[in-house]
Structure formats: C-alpha cells, structure tokens
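# Residue-level structural notes
Single-letter residue listing:
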Amino acid sequence: MRAEVCCSSALSFLMEAHDGLSAAIAERAGFKGLWASGLSIACSLGYRDANEASWSHLVGAVERIVDSSRLPVLVDGDGGFGNFNNARLLARKLRERGAAGVALEDSCFPKLNSFVGDRHPLADVDEFCGRLRAVKDTVANELVLVARIEALIAGHGMHEAIARAHAYREAGADAILIHSRSSSADEILSFSDAWQNRLPVVIVPTKYYRTPTCEYRRVDISTVIWANHSMRAAAAAMRRVCGRIFAEQSVATIEPDITPLEDLFQLFSYDELAEAEARYLHPNKPQH
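Treat the numbers as computed from the prediction; the structure is a model and nothing was measured.

## Side note on the packing of helix α7 (residues 157-170) against helix α8 (residues 186-195)
Closest axis-to-axis distance for the α7/α8 pair is 11 Å, and the angle between their directions is 50°. The angle between α7 and α8 places the two elements in the oblique class. Handedness of the α7/α8 crossing: right-handed. In contact with Met 158, Ala 161, Ile 162, Ala 165, His 166 and Arg 169 of α7, α8 contributes Glu 187, Ser 190, Phe 191, Ala 194 and Trp 195.

The following block contains the structure:
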C-alpha cells in the first residue's frame, strides 16, 4: 500500500471492496490495492453510513476482505469512531487483522456520509491532529495513515483545506485525501496545484466522474479510489434479478444473465480444498 499511495510515480487505483467476494473479484480484475469502503460495508450490513455500524463491525468486514485476496487494503476509518483513544484502538485492531492502511477524516462523531445533507461540522484542527498522532504512535509505519480533509464538503473553502493539509502533514499523515462533492474536479485540481505535492494526494471522484484521468496525472495526484462502485453495481443487479424472479415466478430466463456456480467455485479455489482433503483427510487413499 505504501508503494501504491506514497512511493509510486505512476497514478495508482484502488477498487472498493465490502466483503470477501468483492475483494476476490477486484483482484481477478487486475487491481493492485483495495479500498474497504465505510459506505459499502455499512450497506452490506443493512446500516446507514452514519456510524451506525460499529468499529468492530468494520474490523470484522476488513478481516474477510484481507483473507479473500492477496491485495493490500486501505480502510475507510471514518473519523476514528470517537476521540484519539478510539482512533488508536481502531488502528491497532486493523493492523492485527492485516490491513495495510487507514484513512481518517476530520469529521465529528457520529459522522454522516459526505454526500448526504448539509450538516457537516468539522473537527477542531488540533483535536484531529491529536487523533493522527495517536494513530501514528500506535502503529508507526505498519499502517499507511491517510488524512482525509472534508473542508470543501463542508463549504469552508480552499484556504481552510490547505491549512488543514499542512497541519495534518505535521501531525504525521503519510498522504492527504481531499474530498469534494462537486460535479466538476476544478476544486480538486486547484487544491493539488496549491498543495504542490508536499504529501501524496488521494482523491475519490464519485461525483466528478466525467473528468478524464489524464487531468489527475497532470497535477501529480497519487491515487484514485473507486469508492463504492462494486456495491452499487451489486445493488443494481440484485434489484433487476429479484424483480424478474418475482414477476416471472421462475428462474429459467435468469440463468444466462447471472454468474455460473462453477465460476464462484473457481474464484474461491474449491479445487485446492479437494487437493488438501486428499493430502490431509485421506492420505492413504489410492489416487486415480
């Protein structure tokens, strides 16, 4: 993860994962790293992205994501689920579960998804810097620490975003995630020009998805996160299939449009299980 986010001269891409299946599919597609999305994990558990899922829910989901692929995982840690103590506990538990990094946002607990409503109070800069320092002192360089700035989301403007980036750099962040809900990437590109790559810049172009990727390379952005697209694709596909099955009272016409069982068996290496059974469960049985 450090190589992808902090040390690569090329633009990196992280794909959202919210469970073991989405992690395995992203790896098969060719991605080199994963984003354990708070929104998507909350959706998969039937919660709203408003800290309704607990830190232990998040850690459990991350464990399945880590175990289901060989890719490094950057975890959406929201604001750390409280103060400095909650944040460092979260970081320690994520490290134990095999995560490669954590992103903390300068929001107040409980947070609300950045794209919902206009009530987005920001954390005090000094208090949030304390959260970052606590995480860094707890996990040192074992996790990549990304500081996520919500100043543009909250309407505080570019000056506030840059000031916070400087403070978070001093507090030990390894990279800065600058977030925006504008349909244009203009303020993201302006931030990158002003910031001058003092730390690597990570972006989440969920709203400004029409921007050509070459624009991100032009301003030396480090990493693009495709933050919720597997979950949204799954929701759309499940809605279509459930609707058809309910209407048709049959699955006969559905089968050509869904993943064959054999593909799932291959994805999770059922052949390896059969080979292991032959080796360990029935070691004296003649092989054919």
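## What about the environment of Met 231?
Inspection of the secondary structure puts Met 231 in helix α10 (residues 229-248). You can call Met 231 buried: its relative accessible area is 12%. When the C-alpha atoms of Met 231 and Ala 17 are compared, they prove to be 7.8 Å apart, with 214 residues separating the residues in sequence. Beyond its immediate sequence surroundings of up to four residues, Met 231 is in contact with Glu 16, His 18, Ser 40, Cys 43 and Ser 44.

## Topic: the packing of helix α5 (residues 84-96) against helix α6 (residues 125-139)
Contact geometry of α5 with α6 gives a least axis separation of 8 Å together with a crossing angle of 35°. Crossing geometry of α5 relative to α6 is assigned as right-handed. Note on element contacts: α6 touches α5 through Gly 130, Arg 131, Ala 134, Val 135, Thr 138 and Val 139, opposite Phe 84, Ala 87, Arg 88, Ala 91, Arg 92 and Arg 95.

Cut-offs used in this document
Residues numbered from 1 in each chain as written. Predicted model: local features only at pLDDT ≥ 70, side-chain atom pairs only at ≥ 80, totals over all residues. Heavy atoms only, no water. Axes fitted to C-alpha atoms, helices over the stretch in contact; angles between N-to-C directions. Helix = DSSP H or I, 4+ residues; strand = E, 2+ residues; numbered from the N terminus. Parallel < 35°, antiparallel > 145°, perpendicular 65-115°, else oblique. Left-handed = near helix turned anticlockwise from the far one by under 90°. Contact = heavy atoms within 4.5 Å. Buried < 20%, exposed > 50% of the residue type's maximum accessible area, 1.4 Å probe, protein only.

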